[in-house]
Amino acid sequence: YPTARGSTENKYAIDGMDVSATTSVAAILYLDPTSFQESSFQVGQASAENDAAGITMNVVTRTGTNQLHGSVGSQGSTLGSHLASAQNLSPQMIAGLLASVPPSVLKLNPSLQPNSNIQQFTDFNALIDGPVIKNKLWYVGTWHDDRYNVHQLGAYELNGTEMLNDNTMWNTTAKLSYQISKSSQLSY
């Protein structure tokens, strides 16, 4: 969690609406950067309504435009790349980790070498926006898929292999915006 002045008690907002969890002041959903057109981070001089002692983060969702726009993006790494197979455990750390491995695991996998190798890290996103009715009604849609799979150091499967911690986060957003008047817009 981000920390400000020693506090991790943060407030998360989307279009000004608080989406923080009520128990630990954490985001209750995965925030998709593709769906935002701007973000702000407030560290000091919070408003009277702000009950969080840490950082206030507000993101403003995209609004469609009068021209058709789109984008796709990806980045990632898989096992075998330099980043994915970096080993930064000292011989003493490896010995300590092997000493804590259950004997049944070592029997099944005698050549076990503790690691936390990244098996997969991928991040894909897509965006499309444009007009339904020029100068009056717009749409925007986004898709985001983020995967981070890594061996869980110190956790083992029944067959003696290290457990894979497979993290998959994805979401989609859709928004319609209607221009009511010159100074008012309704979004859904």
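Scroll up for the structure.
**What about the overall build of the protein?**
On a plain count of helices and strands, the protein comes out with 2 helices and 9 strands. When its helices and strands are written in sequence order, the protein yields β-β-β-β-β-α-α-β-β-β-β. Looking at the protein alone, contacts between residues at least 24 apart form 60% of all its contacts between residues at least 6 apart. Carbon and sulfur atoms form 57% of the exposed surface of the protein, whose accessible area is close to 12100 Å².

**Details of the sheet that holds strand S1 (residues 11-14)**
With respect to topology, 4 strands assemble into an open sheet ordered S2-S1-S4-S3, the strand pairing being mixed. In the strand order of this sheet, the two ends are held by strand S2 (17-18) and strand S3 (36-42), each with one partner.

**Some points on the side chain of Asp129**
Position of Asp129 relative to the elements: it lies in strand S6 (residues 118-133). Buried charged residue Asp129 carries no salt bridge. Nearest counter-charge: Arg62, at 5.4 Å. If we ignore the near neighbours within four places in the chain, the residues touching Asp129 are Thr63, Gly64, Thr65, Gln67, Leu68, His69, Tyr139 and Val140.

Cut-offs and rules
- Residues numbered from 1 in each chain as written.
- Predicted model: local features only at pLDDT ≥ 70, side-chain atom pairs only at ≥ 80, totals over all residues.
- Heavy atoms only, no water.
- Helix = DSSP H or I, 4+ residues; strand = E, 2+ residues; numbered from the N terminus.
- Contact = heavy atoms within 4.5 Å.
- Areas by Shrake-Rupley, 256 points an atom, 1.4 Å probe, with all protein chains shown as cover.
- Pairing = 2+ DSSP bridges.
- Buried < 20%, exposed > 50% of the residue type's maximum accessible area, 1.4 Å probe, protein only.
- Lys, Arg positive; Asp, Glu negative; His and termini not counted.
- Salt bridge = Lys/Arg side-chain N within 4 Å of Asp/Glu carboxyl O.

That is the geometry; function is a separate question.
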